[in-house]
Amino acid sequence: MNYREFFAQMDKGKIEKVYLFSGEEEYVKRQALERLRGKILPQGFEQLNESLLEGVDAQTIMDAAETLPLMCERRLVVIRDWAPLLPGKAKNEAEETERMTGYLKRAPETCCMVFYMRKEMDGRKKMVQNLQKTAGWVAFEPLSDADLMNWVKKTLKPMGKQMDAQAVQALSFMAGRGLTRLELELKKLAAYAGESPEITQEDVEKLVSPSLECTIFQLVDRVIERNAYQAQRLLKHMREAGESPVGILAMITRQMRMMTFIKLLREQGLQLSEIEKKLELSHFVAGRAANQAQRFHTESLKDGYKACVEADYLIKSGQMRDSAALDLVMLKLNNLA
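Just so we're clear, the structure is a prediction, and the values are computed from it rather than from any experiment. (Residues numbered from 1 in each chain as written. Predicted model: local features only at pLDDT ≥ 70, side-chain atom pairs only at ≥ 80, totals over all residues. Heavy atoms only, no water.)

Undergrad: An account of helix H3 (residues 58–66) is requested, with residue identities and associated values reported.
TA: Taken together, the buried positions of H3 are Ala 58, Ile 61, Met 62, Ala 64 and Ala 65. Around the axis of H3, the buried residues are gathered within 160° of arc, so they sit on the same side. Where the residues of H3 are buried, they touch strand S2 (50–54), strand S3 (75–80), helix H4 (93–104) and strand S4 (111–116). (Buried < 20%, exposed > 50% of the residue type's maximum accessible area, 1.4 Å probe, protein only. Helix = DSSP H or I, 4+ residues; strand = E, 2+ residues; numbered from the N terminus. Arc of directions from axis to C-beta. Contact = heavy atoms within 4.5 Å.)

Undergrad: I'd like a rundown of the environment of Leu 279, residues and numbers included.
TA: Among the secondary structure elements, Leu 279 is positioned in helix H13 (residues 272–279). In this structure the C-alpha to C-alpha distance between Leu 279 and Phe 261, which are 18 residues apart in sequence, comes to 8.4 Å. Setting aside its immediate chain neighbours within four residues, Leu 279 contacts Met 258, Phe 261, Ile 262 and Leu 265.

Undergrad: So what about the nonpolar core? Which residues, and what values?
TA: One finds Phe 21, Val 114, Met 163 and Ile 252 to be the most contacted residues of the largest nonpolar core, which totals 83 residues. Here the element with the most residues in this core is helix H12 (residues 245–267); it accounts for nine residues. Those residues in contact with Phe 21 that sit more than four places away from it in its chain are Phe 6, Lys 29, Ala 32, Leu 33, Val 114, Phe 115, Tyr 116, Met 117, Val 138 and Phe 140. (Core = buried A, V, L, I, M, F, W, Y, C linked by side-chain atoms within 4.5 Å.)

Undergrad: Residues and numbers for a nonpolar patch on the surface, please.
TA: A grouping of Leu 48, Leu 70 and Met 71 is seen on the molecular surface, where their side chains present a nonpolar patch of about 330 Å² in accessible area. With respect to the secondary-structure elements, Leu 48 resides in the loop between helix H2 (26–40) and S2. Note on Leu 48: relative accessible area 51%, which makes it exposed. (Patch = residues over 30% accessible without salt bridge, like charges linked within 9 Å, V, L, I, M, F, W, Y side chains within 5 Å. Areas by Shrake-Rupley, 256 points an atom, 1.4 Å probe, with all protein chains shown as cover. Salt bridge = Lys/Arg side-chain N within 4 Å of Asp/Glu carboxyl O.)

Undergrad: Kindly report on the sheet that holds strand S1 (residues 18–22), identifying the contributing residues and their values.
TA: One open sheet accounts for five strands, arranged S2-S3-S4-S1-S5; its pairing is parallel. Looking along the sheet, the strands with just one partner apiece sit at the ends: S2 and strand S5 (136–139). Neighbouring strand axes in the sheet, compared pairwise and without regard to direction, differ in orientation by 15° on average. Pairing between S1 and S5: four bridges, direction parallel. What sits directly across from Phe 21, in S5, is Val 138. (Pairing = 2+ DSSP bridges. Axes fitted to C-alpha atoms, helices over the stretch in contact; angles between N-to-C directions.)

Undergrad: Residue-level account of the pairing of S3, with values.
TA: Strand residues, when the strand is regular, have side chains that alternate between the two faces of the sheet. Across the six residues that make up S3, a large majority, five, are buried. Both S2 and S3 contribute to a ladder of five bridges, which runs parallel. What sits directly across from Ser 51, in S3, is Val 77. Chirality of the crossover, the property in question, places the unit of S2, H3 and S3 among those that are right-handed. Here six bridges tie S3 to S4, and the two strands are oriented parallel to one another. Along S4, the bridge assignment pairs Val 77 with Met 113. The β-α-β motif built from S3, the intervening H4 and the parallel element S4 has right-handed crossover chirality. (Right-handed = clockwise from strand over helix to strand, strands pointing away.)

Undergrad: Before we move on, can you summarise the packing of helix H7 (residues 165–175) against helix H14 (residues 283–293) with the specific residues and values?
TA: With their axes 9 Å apart at the nearest point, H7 and H14 run at an angle of 75° to one another. Considering their axes alone, H7 and H14 lie roughly perpendicular with respect to each other. Between H7 and H14, the contacting residues are Gln 166, Gln 169, Ala 170 and Phe 173 on the first element and His 283, Phe 284, Val 285 and Arg 288 on the second. Among the residues forming the contact of H7 with H14, the class breakdown is four nonpolar, three polar and one charged. (Parallel < 35°, antiparallel > 145°, perpendicular 65-115°, else oblique. Nonpolar A, V, L, I, M, F, W, Y, C, P; charged D, E, K, R; others polar.)

Undergrad: Can you break down helix H6 (residues 145–156) residue by residue, with the values?
TA: Relative to the 16 Å expected for 12 residues at 1.5 Å per residue, H6 spans 16 Å between its end C-alpha atoms, a close match to the ideal helical length. Along H6, the residues classified as buried are Asp 147, Leu 148, Met 149, Trp 151, Val 152, Thr 155 and Leu 156. Tucked into the core, H6 has its buried residues touching helix H1 (3–11), H2, H7 and helix H8 (179–193). (Expected span 1.5 Å × (residues − 1).)

In short, shape yes, function no, at least from these values alone.
As structure tokens, then:
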């Protein structure tokens with residue numbers, strides 16, 4: 001289910017015995033856990049009836065779930081980033097998975113268990129698949145454009161401020177779509193706006209530090225302008241900010257793939273609005289990418305995308321170090337425009 005369906009169930013008083021909370025929208029995920037906590041635990045008895053577990057084995061989880069609640073019907077057991085759900089091999093993973101899978105089928109009615117994933121889980125793992133099938137799986141994905149607009153309006157209302165759709169799209173492009181950061185940026189923008197009730201796109205572009213996605217767009221702009229020096233400066237800035245060569249390469253690959261697909265779909269006669277839906281892009285991002293794509297020849301975009309994919313293969317196959325592969329990609333891209 002999505003987060004809306006989860007909150008609707010909460011409003012009706014329906015609570016599952018087991019939940020799996022996953023997805024990158026951490027702000028809403030925390031709200032969901034808080035709502036669940038408020039439904040289950042009586043005020044004043046929260047600490048006595050809640051277990052927060054991390055880095056534990058199946059037996060510890062089961063022991064916590066078997067503990068009877070005090071002065072309420074259920075206790076809450078939250079298991080953060082359980083190892084058998086994460087990428088990589090966990091200790092005694094097969095045994096742990098088998099024990100927990102069997103236990104979930106007979107979990108007591110006196111406990112609500114939440115497998116709370118802050119990190120990305122591995123969907124290929126048996127434990128993940130079992131939870132997705134048998135538990136109340138709630139996927140916390142980034143908000144849609146319409147939901148984000150409503151959230152911004154709601155957040156700004158107590159501050160006496162407002163933003164139009166274009167400014168909101170610019171904000172989500174500059175800062176990303178994570179609500180935790182967006183809330184901080186809105187407070188900063190509201191303070192900057194002073195007596196003015198309106199936060200403008202110009203305010204956003206002046207105050208908000210660009211996200212990695214935004215910086216990648218800027219890097220491509222420099223490539224189009226044949227400004228290799230500024231492109232390298234942006235690359236250096238990303239590295240100094242802690243971004244890995246592999247992460248940067250992944251974002252450049254995504255950008256080249258997006259521009260290539262947009263270019264090909266436009267050549268097939270599709271309108272940008274149709275392409276947005278097909279590629280699941282926001283209007284703002286699709287528009288920026290389309291403007292960049294039209295400044296490349298189709299074959300150049302294909303060559304750029306191919307260079308990114310080949311660099312990724314060279315890294316993963318151990319044939320080239322990640323930093324050298326990224327430099328090679330930048331060299332090839334600077335010769336495309």
